[in-house]
Amino acid sequence: MKALQLFLLLIGMGYVAFGQQQDDITVDELKEHVYFLASDSLKGRKPGTPESKVAAEYIRDQLVSAGFSPMGEDGFQYFDVITSVEPGTDNMLKFQDRKYTIGENFNPLPFSSNADISAKVVFAGFGMDVEEDTLVWNDYEKVDVSGKWVLALRGDPEPDNDNSLFIAYGNDRDKALMARDHGAAGLLLVSGPQFGEEDKLDLPAFNRVTADAGLPVIQVTRSLADEIISGSGNTIHALEEMIINENKTYTFQTEKELHARTDLQRVKVTTQNVVAMLEGSDPVLKKEYLLIGAHYDHLGFGGQGSGSRVPDTMAIHNGADDNASGTAGIIELAEKIAASRDKIKRSIIIMAFGAEEMGLLGSQFFVAEPMIDLKDVKAMFNFDMIGRMNADERSVMVAGTGTAKELEDLLAGYEAGSTISFGHSPEGYGASDHSSFYANGVPVMFFSTGAHPDYHTPADDADKINYEGEAEILDYAYDIVMDLANREENLTYQEAGPKKQQGRYGRGLKVKFGIMPDFTSNENDGLGVGGVTQGGPADKAGMLKGDKIVAIEGQPVTNIYDYMNRLKKLKPGQTISVDIIRDEKPKVLVLVL
């Protein structure tokens, strides 16, 4: 019955797989794939939805029809992801015998832990404890917050200084860690007028990283915060203004008790990678692999925390370029490669990754739980947004060209005489799935025609794809795939750029460990090490891929946020201790930063 229902569903969507093998990469075939994958019927291919599963089955069936053999569980590698954090039914805040309303007077923030706490409240200014070369500020120096609620202003004492050193320490998660380090039972955050003119609660935004802060964190309105501190003769407006104008800390104890209970539910769903293989013809080289990949997921209906660039608009984000274009590309490559199966020495794995938009989760899961030995993967090709080649500029970017010694010369040979303008970037790290393989010692090539105004909006539709340009990119890539599949010598891997992203989480950092974090774990039990940069501080100290960092300088590390915050307080040249778990046994490493 389920098979019949799926068959009827696919017919209704205009798709049924027939065993047509295609020798050439054609515009018509690319259109067929993109128009199906980016149709409104698939509702944006959000991980864990029935429509995402239909997309995965379509891809699997196309690969099998081309002649590839499904791997894993009938072509799928399943894994769980958390797609949202929702308020449960048991959230409560009570102060002086009055109960307040969730969504109106208070909201638990998405990274809050669940707890039931009744304790006195301490006002602790901006809730900061910072000490670096030219900046010393400690809102906790003169108050004891142990076992109490901390009430802190959001933002920092220099709101008009875009270059302020406070910026690196002023986000809500930073303040939660500072409160936790000082023994607070929970954190109440309030927006003063200079942080948010209107006295409104933020819309809850799930930021795709699911670790909680280790204590309850609640945003309260100014009017509620004013009631909490009413016995002090102050208001939040006056306190924010005084601290900013006088540029000094101001804290005090209240004698009033606040009772709050937080109840957040993390919604977990199962999604999948799609994996299929064409075995090579050489009895020896067929034990080596080239991996060709693209992510097939997108943002669903968008909304707050989804990654949409129009988060206030709830509409289907079809993701035609991002990344139905890349997914259609690997299907067409599979068909063309399979037509020459007798001429291919190494084995080819085609892989459509799930949950890339949530933090490269599909590719990170694969490298954490590989179906083959990653040492046998000799190169990885990643196609992400290859459908918007500008008709005039005709340009395409190939990144990762420095990840093997031979790549630049190899690519130059195939680019000679082409009417396409090729740009090269040597770095192996980037905001797509090839990064997971680069961090594990695999040479990578990342193909993209770049971002555009429709990126991560509902306007990224199939009628805007340059199918002719995409076909040219794929023909170019096919020649390189065939070259690497059949040459006797393998590429020589080399590091090209950092193995971890230097982005918003790295702001304010003066040091680095030289690791790539592993984002696949949903548990708050440390930070997994997904890769180690050769010659970096972690490598020199003996840290290995698979280790789990649980403390830095004796201070606990439960997740990526703890890790980044600990790094902010370290200095170049400093020697530190790092507690790790390796093979379920504790170990201490000494790093020189």
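Note: the structure precedes this text.
One numbering rule holds for all chains: residues counted from 1, following each sequence as written. For a predicted model such as this one, the threshold for reporting local features is a pLDDT of at least 70, and the threshold for listing and counting side-chain atom pairs is 80 or more; totals across whole chains, interfaces and linings nevertheless cover every residue. For side-chain calculations, the full set of non-hydrogen atoms in the structure is used, while hydrogens and water are omitted.

A. Summary view of the pairing of strand S22 (residues 548–552). Whether two strands pair comes down to DSSP finding at least two bridges between them. We count a stretch as a helix when DSSP gives it H or I for four or more residues in a row; a strand needs E for two or more, and each element gets its number in order from the N terminus. Note: strand S21 (residues 527–532) against S22, two bridges, orientation antiparallel. Within the sheet, the bridge partner assigned to glycine 528 lies in S22 and is lysine 548. Pairing of S22 with strand S24 (residues 575–582), which is carried by four bridges, proceeds in the antiparallel orientation. Residue pairing in the sheet places lysine 548 in a bridge with isoleucine 581 of S24. The pairing of S22 with strand S23 (residues 555–556) spans two bridges and is antiparallel. Each residue of the ladder has a partner; that of isoleucine 552, found in S23, is glutamine 555. The hairpin formed by S22 and S23 contains two residues between the paired strands, and glutamate 553 there has a positive phi angle of roughly 55°.

B. The nonpolar core, seen in detail. Counting 65 residues, the largest nonpolar core has Phe68, Ile292, Ile337, Ile348, Phe381 and Phe383 as the members making the most contacts within it. If you tally residues by element for this core, the top one is helix H11 (residues 467–486), at twelve residues. Any pair of residues with heavy atoms lying within 4.5 Å of one another is described as a contacting pair. Contacts of isoleucine 292, omitting those with residues within four sequence positions, involve Ile330, Leu333, Ile337, Ile348, Ile349, Ile350, Met351, Phe381, Phe383 and Val481. For our purposes a nonpolar core is just a set of buried Ala, Val, Leu, Ile, Met, Phe, Trp, Tyr and Cys residues, chained together by side-chain atoms within 4.5 Å. Throughout this description, buried means an accessible area under 20% of the type-specific maximum (1.4 Å probe, protein chains only), exposed means over 50%, and partly exposed covers the range between. In this structure, Val217, Leu224, Leu258 and Ala260 belong to the second largest nonpolar core, which totals 53 residues.

C. View of the sheet that holds strand S11 (residues 217–220). With mixed pairing, eight strands are arranged side by side in an open sheet as S4-S3-S12-S6-S9-S10-S11-S5. A strand with exactly one partner marks an edge of an open sheet, and here the two such strands are strand S4 (98–100) and strand S5 (106–108). The average angle at which neighbouring strand axes cross in this sheet is 30°, direction not considered. As paired elements, S5 and S11 share three bridges and run antiparallel to each other. Bridge pairing in S11 links proline 108 to isoleucine 218. Helix H6 (residues 236–246) rests against strand S6 (116–124), strand S9 (149–153), strand S10 (186–190) and strand S12 (251–261) of the sheet, and its axis sits at about 65° to S9. What counts as an axis is a line fitted to C-alpha atoms, over the stretch in contact for a helix, and the angles between N-to-C directions run from 0 to 180 degrees.

D. Looking closely at the packing of helix H2 (residues 27–37) against helix H7 (residues 320–338). Where H2 contacts H7, the axes come no closer than 9 Å and their chain directions differ by 135°. The orientation of H2 relative to H7 falls into the category oblique. In terms of crossing hand, the pair formed by H2 and H7 is right-handed. On H7, the residues that touch Glu29, Leu30, His33, Val34 and Leu37 of H2 are Ala320, Ala324, Ser325, Thr327, Ala328, Gly329, Ile331, Glu332 and Glu335. Of the residues contributing to the contact of H2 with H7, the split by class is seven nonpolar, four polar and three charged. Note on terminology: angles under 35 degrees are roughly parallel, angles over 145 are roughly antiparallel, angles of 65 to 115 are roughly perpendicular, and the others are oblique. The sense of a crossing depends on the near helix, which, turned anticlockwise from the far helix by less than a right angle, makes the crossing left-handed and, turned clockwise, makes it right-handed. Polarity classes work like this: nonpolar for Ala, Val, Leu, Ile, Met, Phe, Trp, Tyr, Cys and Pro, charged for Asp, Glu, Lys and Arg, and polar for all others, with Gly in that last group.

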